[in-house]
Amino acid sequence: MNQDQLKQNVAEAALKYILPDLHADTIIGVGTGSTANKFIEALAPHKSRFLGAVASSDATAELLRAAGIEVFDLNQVTQIAVYVDGADEANKKLHLIKGGGAALTREKIVAAVAKKFVCIADSSKGVEVLGRFPLPVEVIPMARSYVAREIVALGGNPVWREGVTTDNGNQIIDIHDMAIEDPEALEQTLNDIVGVVSNGLFARRPADVLMLASAEGVKTFSTMNTVSQDGNYF
């Protein structure tokens, strides 16, 4: 089973998970990336069962509209029932690294508003210690070099993601070679650097539910019970 099939399987599993909670006035948050795109495909036939969606990126908004799903600006809504998005890495506490698609800031905002955050990924994204995947940091352009020096002082190897501009008009620095033993502390430390807009650690607001697809099926984890039925984490 290839990775594309795994993404399809976990997207369909997420749809089954949220369908019972959809109502005529429900607004869903939808993330950015290839796995989130699979979720949009699965969601489209059920668009009559909910009111619409908030998108975490311009690209996602375009896909939702193309699927016939109404897209709301976040300022138009007071609550999002559920937010579904992928991840680049996830640990046992459902802390995540996100931002491979450079949409981390908007993803973090939508997740903050959502009542429940459902993260979907293939099982290769489950790790014991975050940091194998480079940690994205969104920065104000004029602060890029300063922020990079501060990251070096923290023990990281900052690499400017050249040619990438976020939907907010900012730039991305990816932190390589950093094992993240305390995600919550590092998330706060990075956010405190002047010029940082946001970083790709979702630890202070982790996922509520994590669904990981493998050849054996889709395992579901939650912050209440992080061990799957077969006793394994990932």
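You'll find the structure just up there.
Residues numbered from 1 in each chain as written. Predicted model: local features only at pLDDT ≥ 70, side-chain atom pairs only at ≥ 80, totals over all residues. Heavy atoms only, no water.

Undergrad: An account of the nonpolar core is requested, with residue identities and associated values reported.
TA: Across soluble globular proteins, nonpolar side chains have a tendency to be buried as a group. Residues Ile28, Phe39, Leu64, Ile120 and Met211 are the most contacted members of the largest nonpolar core, which totals 31 residues. Breaking this core down by element, the ones donating at least two residues are α1 (3-18), β1 (27-30), α2 (34-43), β2 (52-55), α3 (58-66), β3 (80-85), β6 (114-122) and β12 (209-214). A total of seven residues in this core trace back to one element, the largest contributor, which is α1. Setting aside anything within four residues of it in sequence, one finds Phe39 in contact with Ala11, Ala14, Leu15, Ile18, Val30, Val84 and Ile120. The next biggest cluster of nonpolar side chains, apart from the first, holds 21 residues, and it includes Val77, Leu94, Ala111 and Phe221. (Core = buried A, V, L, I, M, F, W, Y, C linked by side-chain atoms within 4.5 Å. Buried < 20%, exposed > 50% of the residue type's maximum accessible area, 1.4 Å probe, protein only. Helix = DSSP H or I, 4+ residues; strand = E, 2+ residues; numbered from the N terminus. Contact = heavy atoms within 4.5 Å.)

Undergrad: Kindly report on the side chain of Lys7, identifying the contributing residues and their values.
TA: Locating Lys7 in the fold gives a position in helix α1. Of the side chains with opposite charge, Asp122 comes closest to the buried, unpaired Lys7, at an N-O distance of 5.8 Å. Excluding residues that lie within four positions of it along the chain, Lys7 makes contacts with Ser34, Thr35 and Lys38. (Lys, Arg positive; Asp, Glu negative; His and termini not counted. Salt bridge = Lys/Arg side-chain N within 4 Å of Asp/Glu carboxyl O.)

Undergrad: An account of the sheet that holds strand β4 (residues 89-90) is requested, with residue identities and associated values reported.
TA: For sheets, the rule is that strands pair by backbone hydrogen bonds, running either parallel or antiparallel. Reading across from one edge, β4-β5-β11 is the order of the three strands in this open sheet, with antiparallel pairing throughout. Of all the strands in the sheet, the pair left with one neighbour each is β4 and β11 (201-202). (Pairing = 2+ DSSP bridges.)

Undergrad: Go over the pattern of salt bridges, please, and point to the residues and values.
TA: A complete count under the given rule lists ten salt bridges for this structure. Of the charged contacts, one joins Glu107 and Lys98 as a salt bridge, the two residues approaching to 3.3 Å between their closest N and O atoms. Assessed through its relative accessible area of 3%, Glu107 is described here as buried. Owing to a relative accessible area of 2%, Lys98 belongs among the buried residues under this scheme. In this structure, Glu187 and Lys108 form a salt bridge, with 3.0 Å as the shortest nitrogen-oxygen distance. Highlighted residues: Glu187 in helix α6 (residues 183-191) and Lys108 in helix α4 (residues 104-113), separated in sequence by 79 residues. With respect to burial, Glu187 and Lys108 carry one shared label: buried. Here the salt bridges share partners, and the residues they tie into one network are Asp85, Lys98 and Glu107.

Undergrad: Can you explain the pairing of β3? Please cite residues and give values.
TA: One face of the sheet, then the other: side chains in a regular strand alternate in exactly this way. Burial analysis of β3 places five of its six residues in the buried class, the great majority of the element. Pairing of β1 with β3, which is carried by three bridges, proceeds in the parallel orientation. Bridging from a neighbouring strand, Gly29 pairs with Tyr83 of β3. Bridge count for β3 against β6 is five bridges, and the pairing is parallel. Across the sheet, the residue bridging to Asp85 is Cys119, located in β6.

Undergrad: Could you give me a rundown of empty space enclosed by the protein, with the residues and numbers involved?
TA: Within this structure, the stated rule accounts for one cavity of 30 Å³ or more. Volume-wise, the largest cavity comes out at about 30 Å³. (1 Å grid on protein atoms, 1.4 Å probe; cavity = no way out; pocket = protein on both sides within 12 Å on 5 of 7 lines; lining within 4 Å. Points joined across faces, edges and corners; volume = space filled by probe spheres on them.)

Undergrad: How would you explain the packing of aromatic side chains if you had to name every residue and give the values?
TA: Summed over all chains, the structure comprises two aromatic pairs. Linked through ring pairs, Tyr83, Phe117 and Phe202 together constitute an aromatic cluster. Note that Lys98 overlies the ring of Phe202, its terminal NZ or CZ placed 5.6 Å from the centroid. Positioned over the ring face of Trp160 is Arg144, at 3.6 Å from the centre of the ring. (Phe/Tyr/Trp six-rings, centres within 6.5 Å; stacked < 30°, edge-to-face > 60°. Lys NZ or Arg CZ within 6 Å of the ring centre and 35° of its normal.)

Undergrad: Kindly report on the sheet that holds strand β9 (residues 171-176), identifying the contributing residues and their values.
TA: The four strands lie next to each other as β8-β9-β7-β10, forming an open sheet whose pairing is antiparallel. Here the strands that pair on one side only, and so sit at the sheet edges, are β8 (157-160) and β10 (196-199). Between one strand axis and the next, the sheet turns through 30 degrees on average, direction left out of account. Here β8 pairs with β9 via four bridges, running antiparallel. (Axes fitted to C-alpha atoms, helices over the stretch in contact; angles between N-to-C directions.)

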